[in-house]
Amino acid sequence: MTESYRRSGDEMPQDGPYAYGAPHGPRYGAPYGDHAGAAVPPPPPYAPGPEGAPGARRRARRPVALLAAVAVASGLIGGGSAALLAGATHQDTQNSASTPLVNAGKNSGSGVAGVAKAVSPAIVEIKARTGSGESTGSGVVLTGSGEIITNNHVVAGADTVTVAFSDGSRKTARVTGTDPDKDLALIKVRGAKGLTAASLGDSDKVAVGDGVVAIGSPEGLTGSVTSGIVSALNRDVTVPKEQGRGQGQGQQDGRGDGGWPFEFGGNQYNGDTGSSKTSYKAIQTDASLNPGNSGGALINMQGQIIGINSAMYSPSSASSSTAGSVGLGFAIPINTVKADLDALRDGGSGGSNSGV
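Attention here is on the structure that accompanies the text. Model, not experiment: these values are computed from the prediction.

### Description of the pattern of salt bridges
The tally for this structure, following the rule as stated, stands at 7 salt bridges. Ionic pairing is found between K281 and D236, a salt bridge with its closest N-O pair at 2.8 Å. With K281 in strand β12 (residues 277-285) and D236 in strand β9 (residues 224-240), this residue pair connects regions lying 45 residues apart in the sequence. Relative accessible area serves as the criterion here: at 44%, K281 is assigned to the partly exposed category. Here the salt bridges share partners, and the residues they tie into one network are E125, K127, R129 and E134.

What follows is the structure in structure tokens.
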């Protein structure tokens, strides 16, 4: 940029007899002297001819006008080059920044694939067996010693709880504490150590339009990954406190009527929410969620958990040709989970349940 500017205007000597250098003087920037090295005195100052001599006026006027034109042109060209170069440099700096991923190795990659590879080991499938059957949900590993967060409605009333990990191994767990009002539960895997724990983000920093990834076990399909964006924030969602009719998570008797009942805007969806219910402000996402994703992770593009998936809308009258996600899923903000963790470790507001 600097060299271009000099070539355009600064190479012209300002004190020489002519604007473009003088055939009788040295090159600009060179010492006075001839090719043989003999010293040559600098040319005498330019002495204008007699006033009114046409030749003198022409020599005085033309170099000044030409110098001004060249200076303006060089300023425009130099400025334009600077803007283009600065823009290119700024873009290269932005594009060269890589997205950090939690627990990611050098070959994890970026984007959805990188997030899925890094976080999947910290997402589990949960099967809770009750007297009336078995429900399937998901959970997020919080500590290497086996603490896992999930939804209360996944494990409510469970006699036994089994956890399946991404490597195919299975372990039993007990319910440490539940909070039906926040639809959260904490379970602890028996004999666990060295588990891959998830990294918790800050849900207060989530913005509409942010890219997200959802990982869980929809319809019992362990470790399924979907992606989308955050489509709204602070949605008032109402869900049952306990496992009720239509909440089979795709594995009990809720498959036919959509499962996962909730209320929004004064209307009930996916079944009757019953009389025992709770409301919370949720993150809305268009990432595909289905029964079985409940209790699983909603993850930002840095590999941090920003929410626990807890509800979704599915048309109750959907036929086999129209069934599927309609892009309305809801997650409990992770900051709500953080604030409730100590209470859950102490049994929670719903009390502890030894499970197995």
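### Comments concerning unusual backbone geometry
Even without a glycine there, the phi angle at D183 is positive, about 55 degrees. Along the chain, D183 turns up in the loop between β5 (170-179) and β6 (184-189). Of note in the backbone geometry, N234 takes a positive phi value of approximately 55 degrees without being a glycine. Position of N234 among the secondary structure elements: in strand β9.

### Thoughts on the nonpolar core
One finds I149, I187 and I305 to be the most contacted residues of the largest nonpolar core, which totals 46 residues. Counting residues per element, this core draws most heavily on β6, which supplies 5 residues. If we skip the residues at most four places from it in the chain, I305 touches V119, V140, A198, S199, L200, G201, A297, L298, I299 and I334. If you look at the next biggest cluster of nonpolar residues, it comprises 11 residues, including A214, A287, L298 and M312.

Rules used throughout
Residues numbered from 1 in each chain as written. Predicted model: local features only at pLDDT ≥ 70, side-chain atom pairs only at ≥ 80, totals over all residues. Heavy atoms only, no water. Salt bridge = Lys/Arg side-chain N within 4 Å of Asp/Glu carboxyl O. Helix = DSSP H or I, 4+ residues; strand = E, 2+ residues; numbered from the N terminus. Buried < 20%, exposed > 50% of the residue type's maximum accessible area, 1.4 Å probe, protein only. Core = buried A, V, L, I, M, F, W, Y, C linked by side-chain atoms within 4.5 Å. Contact = heavy atoms within 4.5 Å.

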